[in-house]
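Spelled out, the chains give:
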Amino acid sequence: MTFSTTVLTLYPEMFPGPLAVSLAGRALSEGTWSIDPVHIRDFATDRHRTVDDTPAGGGAGMVLKVNILAAAIDHARSVNPGAPVIVMTPRGKPISQKRIRELADGPGVILLCGRFEGFDERIFEGREVEEVSVGDIVLSGGECAALMVLDACIRLLPGVMGAPSSGAEESFEDGLLEYPHYTRPTEWEGRTIPEVLRSGDHAKIAAWRKRQAEDDTRSRRPDLWERHRDARVQPASGARRKNEDLGS
Ligand code: SAH
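Before going into details, it helps to say that this report is about the structure given with it. Since the structure is predicted, the reported quantities are computational estimates derived from the model, not experimental observations.

A short note on the pairing of strand β1 (residues 3-9)
Reasoning step 1: Among the seven residues of β1, six are classified as buried, and the element is accordingly described as predominantly covered.
Reasoning step 2: Regarding the hand of the β-α-β motif, the stretch spanning β1, helix α1 (residues 22-29) and strand β2 (residues 33-39) is right-handed.
Reasoning step 3: For β1 and strand β6 (residues 108-112), the ladder comprises five bridges, and the chain directions are parallel. Counted as the bridge partner of Ser 4 is Gly 108 from β6.

Quick word on α1
Think of an α-helix as 3.6 residues a turn; residues three or four steps apart then line up on the same face.
Reasoning step 1: Those residues of α1 lying buried are Ala 24, Gly 25 and Ala 27. Viewed along the axis of α1, the buried residues span an arc of 165°, placing them on a single side of the element. In this structure, α1 carries Ser 22, Arg 26 and Ser 29 as exposed residues pointing more than 90 degrees from its buried face.
Reasoning step 2: On its buried side, α1 packs onto β2 and α5 (143-154).

Topic: the packing of helix α6 (residues 202-220) against helix α7 (residues 222-233)
Reasoning step 1: For the pair α6 and α7, the least separation of the axes is 5 Å and the interaxial angle reads 125°. Here α6 is positioned oblique relative to α7, judged by the angle of their axes. Across from Glu 214, Thr 217, Arg 218, Ser 219 and Arg 220 in α6, the residues of α7 making contact are Pro 222, Leu 224, Trp 225 and Arg 232.
Reasoning step 2: Here the residues of the contact of α6 with α7 sort into three nonpolar, two polar and four charged.

Structural notes on the environment of Pro 222
Reasoning step 1: With respect to the helices and strands, the residue Pro 222 is situated in helix α7.
Reasoning step 2: Note: C-alpha distance between Pro 222 and Gly 141 (81 residues apart in sequence) is 30 Å.

Regarding the nonpolar core
Reasoning step 1: In this structure, Phe 15, Trp 33, Met 88, Leu 111, Val 149, Leu 150 and Ile 154 are the most contacted members of the largest nonpolar core, which totals 29 residues.
Reasoning step 2: The set of elements that each furnish at least two residues to this core consists of β1, α1, β2, β5 (85-94), α3 (97-105), β6 and α5.
Reasoning step 3: When residues of this core are assigned to their parent elements, the largest contribution, eight residues, is made by α5.
Reasoning step 4: Setting aside its immediate chain neighbours within four residues, Trp 33 contacts Thr 2, Phe 3, Thr 5, Pro 16, Leu 19, Ala 24, Ala 27, Leu 28, Ile 154 and Leu 157.
Reasoning step 5: In terms of nonpolar packing, the next biggest core, distinct from the first, is built from 23 residues, Ala 72, Leu 112, Phe 119 and Val 129 among them.

Definitions and limits used
- Counting starts from 1 at the beginning of each chain's written sequence and moves along it residue by residue.
- Confidence filtering applies because this is a predicted model: local features only for residues at pLDDT of at least 70, side-chain atom pairs given and counted only at 80 or more, and all residues used for totals across whole chains, interfaces and linings.
- The basis for every side-chain value is the complete set of heavy atoms in the structure, and neither hydrogens nor water enter the calculation.
- In this scheme, a residue with accessible area under 20% of its type's maximum is buried, one over 50% is exposed, and one in between is partly exposed, where area comes from a 1.4 Å probe on protein chains only.
- In DSSP terms, a helix is any run of H or I states spanning at least four residues, a strand is any run of E spanning at least two, and both are numbered starting from the N terminus.
- Place the viewer so that the strands point away; then a crossover is right-handed whenever the path from the first strand over the helix to the second strand goes clockwise.
- In short, DSSP must find at least two bridges between two strands for them to pair.
- The directions from the helix axis to the C-beta atoms form the arc being described.
- In this description, contact between two residues means that some pair of their heavy atoms is separated by no more than 4.5 Å.
- To define axes, lines are fitted to C-alpha atoms, for helices over the stretch in contact only, and angles between the resulting N-to-C directions are given on a 0 to 180 degree scale.
- Roughly parallel means an angle under 35 degrees; roughly antiparallel, over 145; roughly perpendicular, 65 to 115; everything else is oblique.
- Asp, Glu, Lys and Arg are counted as charged, while Ala, Val, Leu, Ile, Met, Phe, Trp, Tyr, Cys and Pro are counted as nonpolar; the rest, among them Gly, fall into the polar class.
- Definition of nonpolar core: a set of buried residues of the types Ala, Val, Leu, Ile, Met, Phe, Trp, Tyr and Cys, connected through side-chain atoms within 4.5 Å.

Printed below as a string of structure tokens:
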């Protein structure tokens, strides 16, 4: 089944953009996913095709008009039923790998990209949408954020990545950063590949990788580490029972 994506934007020419190359590009031409970039301006109702207006209360910039946004969303829902509507905004919930996995398991996504100062707030009450941020940074528009979300979903679609296992060990999949990687040459500018990785002892390698993942997460991402630790201290009821059975 095709993962159907609809992007509502003032710059439809930005899509598929970088997603036309490499793995995503091949998957697009094979029909694993599809993209329908829709111009928000198509839903303007006046002669000048206005999509924005000055902010109520004054201040700099322009705000996307709620009635135009609603018409664009309603259209996207009618052509891509079942897909959740995700609005790109720095005020949204930070996107996570967990949410990306859920989206990739679904029928597709509708992504709404802002520009200027963003959206008239009433759209978030008037339509069932999910506000998503791609990080604590401010972009000039939602298009690059939408490309990120799409890319992250597409690589998880069945058949897109080479080895089926290569998705499972990535950063965030188990609440940790991934362990570091090395490849030939064995020595470079006096630096060698850690001995254990050349030992051929798979159990030792797995233990080393696990420890590295934990150490790196603790030092680089204390926020992730804390959540990971809390999840282990207070496991879900099923996991707790299993631990008790094991006597831990
Ligand atoms: N005035 C807004 C920023 C607008 S930036 C504020 O301060 O919150 C213009 C558009 O870029 C936004 O409407 C949004 O669609 C997109 N954008 C900017 N930063 C983003 C981020 N971190 N995550 C997702 N979308 C973002």
